Amino acid sequence: MSKQAATPALAVNVRELLKQPGAHKHVVQRGPVPDLATPVAWVEPEAEVTVDAEVESVVEGLLVTGQVHVMAKLECARCLRVVDQEQLVDVRELFALDPRDADDDCYAVLRDDRIPLDAMARDAIVLAFPAAPLCRPDCAGLCQQCGADRNLTDCGHQQGEIDPRWAALADLDPDDSRSGQTSEQRHVTRLEE
Ligand SMILES: [Zn+2]
Ligand SMILES: [Zn+2]
């Protein structure tokens, strides 16, 4: 997993579009995008992200409209099983010609006339990751008393009502909420351990 290219795999040259307002081209770029992870969802380092999009030259810069696709791993919030799930995310993003115009809402064309589609792909995928993934909509989860996977066995214990939207919170270490860390920081801590 160490073959990290010096140039981002998903950067695409748009020099010919910059000289022709109104011009557009279709691009399909495929490659690894590092650091795609939340505490409950991630992309394996060797998995390739595909960006399939139309790049259009507009007054403010370049408008990229299309889809980002990747196979992700999700940890079920109820039974903790890890499942593969395809992520297909629609994108419509502006890449500003002047880097000073780039902010939270927009990216910038690189100095060598390429656009960093990897940055766009990373943001789109991480935002699309569910906060509380489920292995399947009717996952029975783990027994609250003995921890048995209730999809596999019936341990016979009575379960209290638990709102699935809050199930993920039950897994959080109380220490984390006291320290006020964001989920991103929590993940970094995990990687360093
Ligand atoms: Zn599950
Ligand atoms: Zn039980």
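Cut-offs and rules
Residues numbered from 1 in each chain as written. Chains lettered and ligands numbered in written order. Predicted model: local features only at pLDDT ≥ 70, side-chain atom pairs only at ≥ 80, totals over all residues. Helix = DSSP H or I, 4+ residues; strand = E, 2+ residues; numbered from the N terminus. Buried ≥ 20, exposed ≤ 12 C-beta atoms within 10 Å, placed from the backbone. Contact = placed C-beta atoms within 7 Å. Pairing = 2+ DSSP bridges. pLDDT = per-residue confidence, 0-100. Core = buried A, V, L, I, M, F, W, Y, C linked by C-beta atoms within 7 Å.

### A short note on the overall build of the protein chain
No. 1: A count of helices and strands for the protein chain gives five helices and nine strands.
No. 2: Along the chain direction, N to C, the helices and strands of the protein chain fall in the order β-α-β-β-β-β-β-β-β-β-α-α-α-α.
No. 3: For the protein chain, the residues scored as buried account for 23% of the 193 residues in total.
No. 4: Across the protein chain, the fraction of contacts at a sequence separation of at least 24, relative to all contacts at a separation of at least 6, is 61%.

### A word on the pairing of strand E6 (residues 61-75)
No. 1: Note: strand E4 (residues 41-42) against E6, two bridges, orientation antiparallel. Looking across to E6, one finds that Trp42 is bridged to Lys73.
No. 2: Inspection of the sheet shows strand E5 (residues 49-58) paired to E6 by nine bridges, in the antiparallel sense. Considered in E6, the bridge of Glu54 is made with Thr65.
No. 3: Counting the residues that bridge the hairpin from E5 to E6 gives two residues.
No. 4: As paired elements, E6 and strand E7 (residues 82-96) share 15 bridges and run antiparallel to each other. Within the sheet, the bridge partner assigned to Thr65 lies in E7 and is Arg92.

### Concerning the confidence of the model for the protein chain
No. 1: This prediction gives the protein chain a mean pLDDT of 83; 78% of its residues lie at or above 70.
No. 2: Per-residue pLDDT, averaged within each element of the protein chain, yields its smallest value for helix H5 (residues 183-192) (43) and its largest for E6 (97).
No. 3: Note that pLDDT drops below 50 for residues 1-5; the model gives that stretch two contacts with residues more than four away or on any other chain.
No. 4: Contacts from residues 176-193, a stretch scored under 50 in pLDDT, to residues over four places away or in other chains number ten contacts.

### What about the nonpolar core?
No. 1: Ranked by internal contacts, the top residues of the largest apolar core, which has 33 residues, are Leu62, Ile115 and Ala121.
No. 2: Listed by contribution, the elements that provide at least two residues to this core are E4, E5, E6 and helix H2 (117-128).
No. 3: Broken down by element, the residue count for this core peaks at six residues, all from E6.
No. 4: When neighbours within four sequence positions are excluded, Ala121 is seen to be in contact with Leu10, Val33, Val49, Val51 and Val68.

### Focus: the environment of Ala77
No. 1: With respect to the element layout, Ala77 can be found in the loop between E6 and E7.
No. 2: Ala77 sits in the buried class, given 23 other C-beta atoms within 10 Å.

### Quick look at the environment of Val126
No. 1: Here Val126 lies in helix H2.
No. 2: If we skip the residues at most four places from it in the chain, Val126 touches Leu36 and Thr38.

### Side note on unusual backbone geometry
No. 1: Non-glycine residue Leu80 carries a positive phi angle of around 70°.
No. 2: Mapping Leu80 onto the fold places it in the loop between E6 and E7.
No. 3: A positive phi angle, near 65°, is found at Asp113, a position not held by glycine.
No. 4: Turning to its location among the elements, Asp113 is positioned in the loop between strand E8 (107-108) and strand E9 (114-116).

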